[in-house]
Amino acid sequence: MVINLESVFNSEGLSLPVDYSLDLSSETLGSEKPFVYPVAVKGRVFNHTGIVEIEAEASTHIIYPCDRCTAPTDFDLDVKINHILVTSINDENNDDFMLIKSYMFNLDEIVIEDFFLSLPSKFLCSEDCKGLCFKCGKNLNEGPCECKKEIDPRLAVLSQLLDS
Ligand SMILES: [Zn+2]
Ligand SMILES: [Zn+2]
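Each chain has its residues counted from 1, following the order in which its sequence is written. Starting at A for chains and at 1 for ligands, labels are handed out in the order in which the entities are written. Reporting of local features is limited, given that this is a predicted model, to residues whose pLDDT is at least 70; pairs of side-chain atoms are given and counted only at 80 or more, and all residues count toward the totals for whole chains, interfaces and linings. With hydrogens and water stripped out, all remaining heavy atoms of the structure feed into the side-chain values.

This part covers the packing of aromatic side chains. Aromatic rings from Phe, Tyr and Trp, with only the six-membered ring used for Trp, were paired whenever their centres fell within 6.5 Å, and each pair was classed as stacked if the ring planes differed by under 30 degrees, edge-to-face if by over 60, and tilted otherwise. Throughout the structure, instances matching the rule amount to six aromatic pairs. For the ring pair Phe-35 and Phe-116, a centre distance of 5.6 Å and an interplane angle of 75° mean the geometry is edge-to-face. Of this pair, Phe-35 sits in the loop between β2 (15-22) and β3 (39-48) while Phe-116 sits in helix α2 (residues 107-117), and the two are 81 residues apart along the sequence. Three exposure classes are used, based on accessible area relative to the maximum for each residue type with a 1.4 Å probe and protein chains only: buried under 20%, partly exposed in between, and exposed over 50%. Residue classification places Phe-116 among the partly exposed positions, given a relative accessible area of 25%. Summarising the aromatic geometry, the rings of Tyr-64 and Phe-123 are spaced 4.8 Å apart at their centres and angled 55° between planes, so their arrangement reads as tilted. One end of the pair, Tyr-64, is in strand β4 (residues 51-65); the other, Phe-123, is in the loop between α2 and α3 (153-163), with 59 residues separating them in the sequence. The helix count covers DSSP runs of H or I at least four residues long, the strand count covers runs of E at least two residues long, and both are numbered beginning at the N terminus.

Written as structure tokens, this is what we have:
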């Protein structure tokens with residue numbers, strides 16, 4: 001969505017509501033396309049004593065495989081979007097301000113950028129997920145696998161020595 005912000009930049013106190021949904025269903029995460037539900041973007045763009053800001057929240061729900069055990073898991077994603085918008089900038093390298101050219105604000109671009117920057121680095125079904133056995137592939141959250149019973153051959157020799 002592109003919003004024309006000319007009126008907001010020119011009137012102190014003015015606030016424009018933002019309430020729409022963004023389709024990210026073609027975006028990938030890893031090898032998945034988990035954004036089956038639209039991303040709800042809610043908030044406002046407002047002019048407070050001559051400073052124009054966006055203050056919004058982008059939220060959606062995804063089902064994504066746990067990084068450790070691969071079980072499909074539900075995650076709620078809520079990303080805060082806060083930026084100061086300016087129509088001219090002195091220092092191009094200042095990330096605090098977002099340059100809006102000709103008052104046209106492409107909201108989708110910034111929502112997508114903030115959304116992907118804020119995604120968790122790991123998706124886990126639970127903090128203490130035990131993952132899969134790297135030998136037999138069993139999901140260790142469902143109980144131990146048989147592999148653990150195998151004794152290291154060096155230890156087997158040692159236990160024989162101790163027995164005799
Ligand atoms: Zn897991
Ligand atoms: Zn195993």
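Having seen the model, we can carry on.
With that settled, consider the coordination of the zinc ion (ligand 2). For the zinc ion (ligand 2), the full set of protein donor atoms is Cys-133 (SG), Cys-136 (SG), Cys-145 (SG) and Cys-147 (SG), at a range of 2.3 Å. Sequence spacing of the donors to the zinc ion (ligand 2): C-x2-C-x8-C-x1-C. Since its relative accessible area comes to 11%, Cys-133 is described here as buried. The donor set covers N, O and S atoms within 2.8 Å of the metal, switching to 3.2 Å for Na, K and Ca, and it leaves out water, so a site may look short of donors.

Turning next to the domain arrangement of the protein chain. Each domain of the protein chain was delimited in the assignment, giving domain 1 (2-129) and domain 2 (132-164). By convention here, the domain bounds are inherited from an automatic or database domain assignment. Relative to domain 2, the C-alpha centre of domain 1 lies at a distance of 48 Å.

For the rest of this paragraph, the subject is the coordination of the zinc ion (ligand 1). Distances from the zinc ion (ligand 1) to its protein donors, Cys-66 (SG), Cys-69 (SG), Cys-125 (SG) and Cys-129 (SG), fall within 2.3 Å. Considering all four donor atoms around the zinc ion (ligand 1), the spread of angles at the metal, 105 to 113°, places the coordination shape in the tetrahedral class. Between 85 and 135 degrees for all angles marks four donors as tetrahedral; over 155 degrees for opposite donors together with 65 to 115 for all other angles marks four donors as square planar and six as octahedral; every other arrangement is irregular.

Criterion used throughout: strands pair if DSSP finds at least two bridges between them. If you walk across this open sheet you meet the five strands as β2-β3-β4-β5-β6, and the pairing is mixed. Taken across any chain shown, the strands that pair with only one partner, and hence form the sheet edges, are β2 and β6 (97-99). Here the strands of the sheet are splayed against their neighbours by 30° on average, with no regard to which way each runs. Where strand β5 (residues 72-86) lies against β6, three bridges are found, and the strand directions are parallel. Across the sheet, the residue bridging to Ile-84 is Phe-97, located in β6. Inter-axis angles, ranging from 0 to 180 degrees, are taken between N-to-C directions of lines fitted to C-alpha atoms, where helices are fitted over the stretch in contact.

Moving on to the side chain of Asn-47. Turning to its location among the elements, Asn-47 is positioned in strand β3. Taking the relative accessible area as the measure of exposure, Asn-47 reaches 3% and is therefore buried. Polar contact is the term for a pair of N or O atoms within 3.5 Å; when the atoms are in protein, one must be able to donate a hydrogen and the other to accept it, and sequence-neighboring residues count only if both atoms are side-chain atoms. A polar contact of 3.4 Å, which involves the side chain of Asn-47, links it to the backbone oxygen of Ser-11. A contact between two residues is defined here by any heavy atoms of the two lying within 4.5 Å. Residues contacting Asn-47, with those up to four places away along its chain left out, are Val-8, Phe-9, Ser-11, Glu-12, Gly-13, Leu-14 and Val-52.

To define a nonpolar core, start from buried Ala, Val, Leu, Ile, Met, Phe, Trp, Tyr and Cys residues and group those joined through side-chain atoms within 4.5 Å. Membership of the largest hydrophobic core comes to 33 residues, with the highest contact counts inside it found for Val-45, Leu-85, Phe-105, Leu-107 and Phe-115. Elements with a minimum of two residues in this core: α1 (6-10), β2, β3, β4, β5 and α2. With six residues, β4 is the largest single contributor of residues to this core. Phe-115 has contacts with Leu-24, Phe-35, Val-39, Ala-58, Thr-60, Leu-77 and Val-79, leaving out every residue within four places of it along the chain.

With that settled, consider the pattern of salt bridges. Any Lys or Arg side-chain nitrogen located within 4 Å of an Asp or Glu carboxyl oxygen qualifies as a salt bridge. A full pass over the atoms with the stated rule returns two salt bridges. A salt bridge links Glu-55 to Arg-44; the nearest nitrogen and oxygen atoms lie 3.5 Å apart. Note that Glu-55 is positioned in strand β4 and Arg-44 in strand β3, a separation of 11 residues in sequence. Assessed through its relative accessible area of 35%, Glu-55 is described here as partly exposed. The partner of Lys-80 in a salt bridge is Glu-57, with the nearest N and O atoms 2.4 Å apart. In this pair, Lys-80 sits in strand β5 while Glu-57 sits in strand β4, placing the two residues 23 residues apart along the sequence. Overall, the relative accessible area of 59% leaves Lys-80 in the exposed class.

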